[in-house]
Amino acid sequence: MATTSMFKLPRDVGIPWIMAWDYEIKQSSVDEPLELQRVIRIKWWDTFDINKLPLGSSAISTTRTFNIVDYGAQQGGNKDVSDALRRAWNAACAAKNDPATIVIPEGRYLLNPVSLKGCRNFNITINLDGMLEAPSDYRVLGKVENWISFENAIGTSIVAGGGDDGGVVYARGEDWWSCKASGGSCSKGATSVRFMGSRNITISGLKSRNSQMFHIAINGCQNVYIDGVTISAAGDSPNTDGIHVQSSHNVTIVNSNISTGDDCISLGRDDRDIWIENISCGPGHGISIGSLGRYNSKADQVQNVTVKSVVFTGTTNGVRIKTWAKPNKGFVQDVTYQNITLVDVQNPIIIDQNYCEHNKNCPNQASGIQIYKIHYDGISGTSKNADAVKFDCSSLYPCTGIFLRNINITTVDSGPHNQTHCSCSHVRGGRVSGFVKPKICF
């Protein structure tokens, strides 16, 4: 019998640890009949101490499957499946020595708010082939902070499929938006999918529609990989950030399409080592760092962020850093924006250290957030405003180390009147190279 992709862990490999990226191996061996046709799934964060394995042993485990239908879930969107999902999750947790897959098959399923707690199984995949729908009464979600919540999870993946109507979480946020727009007495509103205090998380292919507030929130997490998500909400929907990241480290967001009423992606305090690439954003408020400095917190720190190969279409902002005009301390450093395309963007490049939400009760002080080592490289396209580049920095801590290279931003209007401008306030130590339009003001 032939052997396909044999995976051995010999003692003499020379290094004590091996890490593999979402690796699938199918093994057949006449020498080891008990391991015939075994499928191994090793996620990228799995580590193996070779010195503790028997000589010549293989990293083998079988995947156990838990279908929510077997736990009482019914299609049609009429019967709540939160208990079935919770029971399937608990069963997957109980299979702590084996990878586990929770299956949500094709079809529509009504889901009330559900919280799934982390457990001893560090390899649980949720295959979402169907559509999860929130209750039609927006108050059911509005009275909780999160619709689908994961807390202290390790090694959990959400893998979505099932065509246009599969892999969907539909929060029915339209009525809640209307309540907010009318000025009525509305509930607080809910995030659709939240991971809290978790690590080694993957979200792949998920479609989030019409969240009440944030679509996806990553809070206090490490090692998060988000790939191929599609997020959609009306351009005037309030506070519907596509992906919000806060107090998290080593987060990657790639290959995604985001259309919403607030930031496509927002980074909050205590974020570091963030990679964002190949994103389509619009409508929305762009990709934002902040707001920071509203409260007196030592955690108002963001560093080592890369935003690359993003297309902004019709957004209010392109790449933005925003801090409140308060003396609360913090910093933003080592941020790179690279290969950015702008299509009719109102504020393509903006640092706003006098940010004030809704321009009400503004503090009108000097921001205590220090901004330095910010790189803009390869940004081109059209701006709806002539002031295409705005650096409104703190008088207390001026922006330093601002670098611009190969910038070409024109206005939407063609002809001799399509000149763009740059405005600067409290910028020190900037540098320009290559072709740069508009002419930079420092």
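Residues numbered from 1 in each chain as written. Predicted model: local features only at pLDDT ≥ 70, side-chain atom pairs only at ≥ 80, totals over all residues. Heavy atoms only, no water.

Caption draft 1: Looking closely at the nonpolar core. Ranked by size, the top nonpolar core spans 94 residues in total, and within it Phe150, Ile243, Val332, Tyr337, Tyr376 and Phe391 carry the most contacts. No other element matches helix 1 (residues 82-94), which puts seven residues into this core. Setting aside residues no more than four positions away along its own chain, Phe391 makes contact with Ile349, Ile351, Tyr376, Ile402, Leu404, Ser423, Cys424, Ser425, Val427 and Phe442. Among the nonpolar cores identified, the runner-up in size contains six residues, and Tyr138, Cys179, Met213 and Ala233 belong to it. (Core = buried A, V, L, I, M, F, W, Y, C linked by side-chain atoms within 4.5 Å. Buried < 20%, exposed > 50% of the residue type's maximum accessible area, 1.4 Å probe, protein only. Helix = DSSP H or I, 4+ residues; strand = E, 2+ residues; numbered from the N terminus. Contact = heavy atoms within 4.5 Å.)

Caption draft 2: Inspection of the state of the cysteines at higher detail. In total, this model carries six disulfides according to the counting rule given. What pairs with Cys264 in a disulfide is Cys281, and their sulfur atoms sit 2.1 Å apart. Negative torsions about the S-S bond denote left-handed disulfides, and the value of about 85 degrees found for Cys264 with Cys281 makes this one right-handed. Of this pair, Cys264 sits in the loop between strand 21 (249-259) and strand 22 (265-267) while Cys281 is found in strand 23 (residues 271-281), placing the two residues 17 residues apart along the sequence. On the basis of relative accessible area, Cys264 is assigned to the buried category, the value being 0%. Overall, the relative accessible area of 0% leaves Cys281 in the buried class. Sulfur-sulfur distance for the disulfide between Cys424 and Cys441 comes to 1.9 Å. The sign of the 75 degrees torsion about the S-S bond sets the Cys424-Cys441 disulfide as right-handed. Taken as a pair, Cys424 in strand 32 (residues 421-425) and Cys441 in the segment after strand 34 (431-437) lie far apart in primary sequence, 17 residues in all. Residue classification places Cys441 among the partly exposed positions, given a relative accessible area of 34%. Sequence-ordered numbering of the disulfide-bonded cysteines in the protein chain gives the connectivity 1-2, 3-4, 5-6, 7-8, 9-10, 11-12. (Disulfide = S-S within 2.5 Å.)

Caption draft 3: Region of the structure containing the environment of Gly290. Summarising the element assignment, Gly290 is placed in strand 24 (residues 287-292). Here Gly290 falls in the buried class, since its relative accessible area comes to 8%. Among all residues touching Gly290, those that are not within four sequence positions of it are Leu267 and Lys322.

Caption draft 4: Structural detail: the sheet that holds strand 32. Here eleven strands make up an open sheet; going across it, the order is 8-11-14-17-20-22-24-26-28-30-32 and the pairing parallel. The open sheet terminates on both sides in strands that have one partner only, identified here as strand 8 (114-117) and strand 32. Looking at each pair of strands side by side, their axes are set apart by 15 degrees on average, direction ignored. Across three bridges, strand 22 lies against strand 24 in parallel orientation. Looking across to strand 24, one finds that Ile265 is bridged to Ile287. Taken strand by strand, helix 1 contacts strand 8 and strand 11 (146-151), and its axis lies near 5 degrees from that of strand 8. (Pairing = 2+ DSSP bridges. Axes fitted to C-alpha atoms, helices over the stretch in contact; angles between N-to-C directions.)

Caption draft 5: Expanded view of the pattern of salt bridges. In total, this model carries 13 salt bridges according to the counting rule given. Its salt-bridge partner being Arg294, residue Glu357 comes within 3.5 Å of it at the nearest N-O pair. Of the two residues, Glu357 sits in the loop between strand 28 (347-355) and strand 29 (368-383) while Arg294 sits in the loop between strand 24 and strand 25 (301-313), which places them 63 residues apart along the sequence. Look at Glu357 and you get partly exposed, because its relative accessible area is 29%. With relative accessibility at 34%, the residue Arg294 sits in the partly exposed group. One connected set of salt bridges, linked through shared partners, spans Arg108, Glu133 and Arg172. (Salt bridge = Lys/Arg side-chain N within 4 Å of Asp/Glu carboxyl O.)

Caption draft 6: Layout of the layout of surface pockets. In this model, the largest pocket occupies a volume close to 1,400 Å³. Lining the largest pocket are 44 residues, with Phe214, Asn239, Asp241, His244 and Glu357 positioned closest to its centre. Broken down by secondary-structure element, the contributors of at least two residues to the lining of the largest pocket are helix 3 (174-182), strand 14 (191-196), strand 17 (216-219), strand 20 (243-246), strand 24, strand 26 (317-324) and strand 28. A per-element tally of the lining of the largest pocket places strand 26 first, with four residues. Here the residues of the lining of the largest pocket are counted per class, giving twelve nonpolar, 18 polar and 14 charged. (1 Å grid on protein atoms, 1.4 Å probe; cavity = no way out; pocket = protein on both sides within 12 Å on 5 of 7 lines; lining within 4 Å. Points joined across faces, edges and corners; volume = space filled by probe spheres on them. Nonpolar A, V, L, I, M, F, W, Y, C, P; charged D, E, K, R; others polar.)

Caption draft 7: Structural detail: the pairing of strand 11. Most of strand 11 is tucked away: five of the six residues are buried. Note: strand 8 against strand 11, four bridges, orientation parallel. From the neighbouring strand, Val114 faces strand 11, where its bridge partner is Ile148. Pairing analysis gives five bridges linking strand 11 to strand 14, with the strands arranged parallel. The residue of strand 14 that forms the bridge with Glu151 is Met196.

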